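Commentary on secondary and tertiary structure
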Amino acid sequence: MTAIAIAIASLIFSKPIVGPNFRGTMDLVEKDKIIRSYADSRLNRQMRYLTVLFLLIFSSNAFVYYVNATSNAESSNLISPPLRALDKQTFLQEVKENKSIVHSSITNQGILTISVINDDRDKKSMASYYCQLAKSKNISVASVKILDASNANFLVEIPSGTVLAIFSCN
């Protein structure tokens with residue numbers, strides 16, 4: 001955007017300023033006045049150029065900021081209101097409302113572990129979804145691990161069992 005602003009400002013002020021014209025016989029005072037007038041007009045033009053350039057850069061950056069802010073606000077409104085809770089326990093309760101999930105927990109290392117009944121389908125997209133959901137709720141999750149519910153063990157510090165999918169949230 002800055003390059004576009006520079007190009008536009010250069011096009012606006014691309015017409016050259018005509019140099020001083022010394023016709024006829026003039027004394028030094030008259031020549032000095034003409035030279036000073038020429039210098040003043042060049043300085044005024046340069047100041048207008050810099051002002052227009054600053055305003056173009058400022059307004060283009062403000063426009064880009066506005067577009068990004070409104071698109072982020074619109075995308076944050078796509079998640080339904082009941083899933084906007086910020087604490088881990090409420091988040092885990094919302095996760096467990098999915099009928100295919102048997103158990104879920106978040107470890108101290110930030111691993112969201114979910115156990116599901118194995119239906120031989122790929123669970124990578126499910127892990128990706130819960131990673132994005134946790135991020136949207138400001139829940140600190142480093143990765144999501146989907147375990148087979150038939151042999152998942154949640155009684156230890158780090159839940160274990162047959163891993164169906166792992167997704168890194170970084």
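Everything that follows concerns the structure shown earlier in this document.
Sequence order as written defines residue numbering, which begins from 1 separately in each chain. Two thresholds apply to this predicted model, a pLDDT of at least 70 for residue-level local features and 80 or more for giving and counting side-chain atom pairs, whereas whole-chain, interface and lining totals are computed over all residues. For side-chain calculations, the full set of non-hydrogen atoms in the structure is used, while hydrogens and water are omitted.

A few words on the overall build of the chain. Put simply, DSSP H or I for four residues or longer makes a helix, DSSP E for two residues or longer makes a strand, and each gets a number counted from the N terminus. Scanning the chain for helices and strands turns up four helices and four strands. When its helices and strands are written in sequence order, the chain yields α-α-α-β-β-α-β-β. Classification of the 170 residues of the chain by burial places 25% in the buried group. Should any heavy atoms of two residues lie within 4.5 Å, those residues are considered in contact. Put simply, 57% of the contacts in the chain that link residues at least 6 apart link residues at least 24 apart. To measure how exposed things are, a 1.4 Å probe is used in the Shrake-Rupley method; for residues, cover is taken only from the protein chains shown. Taken as a whole, the chain presents about 11,700 Å² of accessible surface, with 59% of it coming from carbon and sulfur. Partly exposed residues are those whose accessible area sits between 20% and 50% of the maximum for their type, while under 20% is buried and over 50% is exposed, using a 1.4 Å probe and protein chains only.

You will see that aspartate 120, though not glycine, has its phi angle at about 65 degrees, which is positive. Among the secondary structure elements, aspartate 120 is positioned in the loop between β2 (111-116) and α4 (124-136). Looking at aspartate 120, the relative accessible area reads 71%, which means it is exposed. Even without a glycine there, the phi angle at asparagine 138 is positive, about 60 degrees. Along the chain, the position of asparagine 138 falls in the loop between α4 and β3 (143-148).

Remember that the coordinates give geometry; whether it matters functionally is a separate question.
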